[in-house]
Amino acid sequence: MLIKYLQEKYNAQVITVTVDVGQQEDLKAAEEKAKKLGVLKHFSIDAKDEFAKDYIFPAIKANALYEGKYPISTSLSRPLIAAKMVEVAEKEGATGLAHGCTGRGNDQVRFDVTLGSLAPEMKIIAPVREWGMTRDEEIAYAKTKGIPVSDAAKKYSIDASVWGRAIECGLLEDASQAPPEDAYEWTTSPEKAPNTPEIVTIQFEVGVPIAVNGKSMEPLALIEEMNKIAGKNGVGRIDHIEDRLVGIKSREVYECPAATVILEAHKDLEKMVMTRHEVLFKQQIDAQWVFLAYAGLWVDPLKDDLDAFINKSQENVCGEVKLKLYKGSLQVIGRSSPMSLYDKNLANYNIKTTFNQSYSKGFIELWGLQTRMYNALKKKGKKGKAKKA
Ligand code: ARG
């Protein structure tokens, strides 16, 4: 539909680009569809490896969960797709860039900001935002033009990358109702998942996963493998109310099996190897990082600045995390690291440890000094807060 619109309204010679980020769609069909509509050229780019290495891995290091829940599986792919579009456009001498985002979502922000930053001289066109059709009108229009629309696409609006699958629209818009089972494709329902728990070990090196159950794997293969293992056990379903950039609250349903497991494991390992000061400070950096990535500001210099901190912070994040997956539940059940700050000799409650507990008394004296001083004043009725009470 976009192609027709660009040809008719802008009298444009259209070059199409599909970028494979692991959405498991028939990209060959998309190419054929484009060619039938008379595009000048079509480019099909497999960017899955690059996506895993340069987009997902940084997100793992940053424990990236938007609003504490969403592994930004859609958001992360946008700057990569935009970069590939610009690459092709420059090579082919194009004068404009077009994308299919609506005027209500986050993706328009991500594409416009990234494309506008990477190729400021090119005109950006968002036909769907321009023509203002509703989803139903679009489906009807496609029908009249003989453009095929899949059944799944009629029911839900789906977007996927190897990091997860987002399902919106249709029945899901009633936020009070549980998502119908047919919304999910990558995860077995917990009820139907195997009756025996599956134990998985993930090994991390400098903040990123490098092996599963002792088997070394390339980034993409590792993520795909975790999608299978977690999906089979019903792990990774997410249902939350999300704040879109344009202010709209939306009910979002995701299935992100690998992301859910890997992020949980990574966070756990960080807590074992980082000092508490690092852990607490990094939480703030992580929150800022995921916000930028969600908000279409992947190419903002602040993200690079934060990456510098985050990469440095990962030097000691090495070790193994053991997890138990069982009928939709996920639990870390063990971890170990050569860089561990956990010392069982210090932590136990046995009196004969290397921890000198006679120091605790003095520590507490100083730790609570100001708190005690305040409360003494309060007791005498001297403090404002006490008077009001
Ligand atoms: N809300 C998510 C995001 O902005 C996912 C959007 C997915 N798009 C879709 N058509 N289902 O990143």
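Along each chain, residue indices are assigned from 1 in the same order as the chain's sequence is written. For this predicted model, a pLDDT threshold of at least 70 governs which residues receive local features, and a threshold of 80 or more governs which side-chain atom pairs are given and counted, while totals over whole chains, interfaces and linings are taken from all residues. The side-chain quantities take in all heavy atoms of the structure and omit both hydrogens and water.

Undergrad: Lay out helix H5 (residues 107–118) in plain terms, naming residues and giving numbers.
TA: Helix and strand labels come from DSSP, where a helix needs a run of H or I of at least four residues and a strand needs a run of E of at least two; each type is numbered from the N terminus. How far a helix is expected to stretch is found by multiplying one less than its residue total by 1.5 Å. With twelve residues, H5 should reach 16 Å at 1.5 Å per residue; the first-to-last C-alpha distance of 16 Å fits that figure. Only protein chains enter the accessibility calculation, which uses a 1.4 Å probe; a residue is then buried when its area is under 20% of its type maximum, exposed when over 50%, and partly exposed in between. Of the residues making up H5, those classed as buried are Asp107, Gln108, Arg110, Phe111, Thr114 and Leu115. Down the axis, H5 shows its buried residues gathered within 160° of arc, on one side only. By definition in these notes, contact holds between two residues if any of their heavy atoms fall within 4.5 Å. Of the surrounding secondary structure, the elements contacted by the buried residues of H5 are helix H4 (77–92), strand E3 (96–98), strand E4 (123–125), helix H6 (127–131) and helix H11 (276–294). To obtain the arc, one takes the directions from the helix axis to the C-beta atoms.

Undergrad: Explain the site of the ligand residue by residue, including any values.
TA: By convention in these notes, a residue is near a molecule or strand provided one of its non-hydrogen atoms lies within 4 Å of it. Taken together, Tyr70, Thr74, Ser75, Asn106, Arg110, Ser157, Asp159, Ala166, Glu168, Glu242, Glu252 and Tyr254 are the residues near the ligand. N or O atoms within 3.5 Å of each other form a polar contact, as long as, within protein, one can give a hydrogen and the other can take it, and as long as residues adjacent in sequence are counted only when both atoms are side-chain atoms. Between the ligand and the protein, one listed contact pairs an oxygen atom with a side-chain N or O atom of Asn106 at 2.7 Å. In the environment of the ligand, a nitrogen atom lies 3.1 Å from a nitrogen or oxygen atom belonging to the side chain of Tyr254. What sets the accessible areas is the Shrake-Rupley method with a 1.4 Å probe; for residues, cover comes only from the shown protein chains. In isolation the ligand has 350 Å² of accessible area, and contact with the protein removes 89% of it. Contributing elements (two or more residues each) for the shell around the ligand: strand E5 (157–161), strand E6 (164–168) and strand E11 (249–255). Class assignment for the residues of the shell around the ligand results in three nonpolar, four polar and five charged. Here the term charged refers only to Asp, Glu, Lys and Arg, the term nonpolar to Ala, Val, Leu, Ile, Met, Phe, Trp, Tyr, Cys and Pro, and the term polar to all other amino acids, Gly among them.

Undergrad: So what about the sheet that holds E5? Which residues, and what values?
TA: Strand pairing is defined by DSSP finding a minimum of two bridges between the two strands. Read across the open sheet, the four strands follow the order E5-E6-E11-E10; overall the sheet is antiparallel. The open sheet terminates on both sides in strands that have one partner only, identified here as E5 and strand E10 (237–243). Taking each pair of neighbouring strands and ignoring which way they run, the sheet shows an average axis angle of 25°. The pairing of E5 with E6 spans five bridges and is classified as antiparallel. Between N-to-C directions, angles cover 0 to 180 degrees, with each direction set by a line fitted to C-alpha atoms, over the stretch in contact for helices.

Undergrad: Which residues make up the side chain of His266, and what values do they have?
TA: Looking at the secondary structure, you find His266 in helix H10 (residues 257–273). Contacts of His266, omitting those with residues within four sequence positions, involve Ile60, Lys61, Asn63, Phe204, Gly207, Gln314 and Val317.

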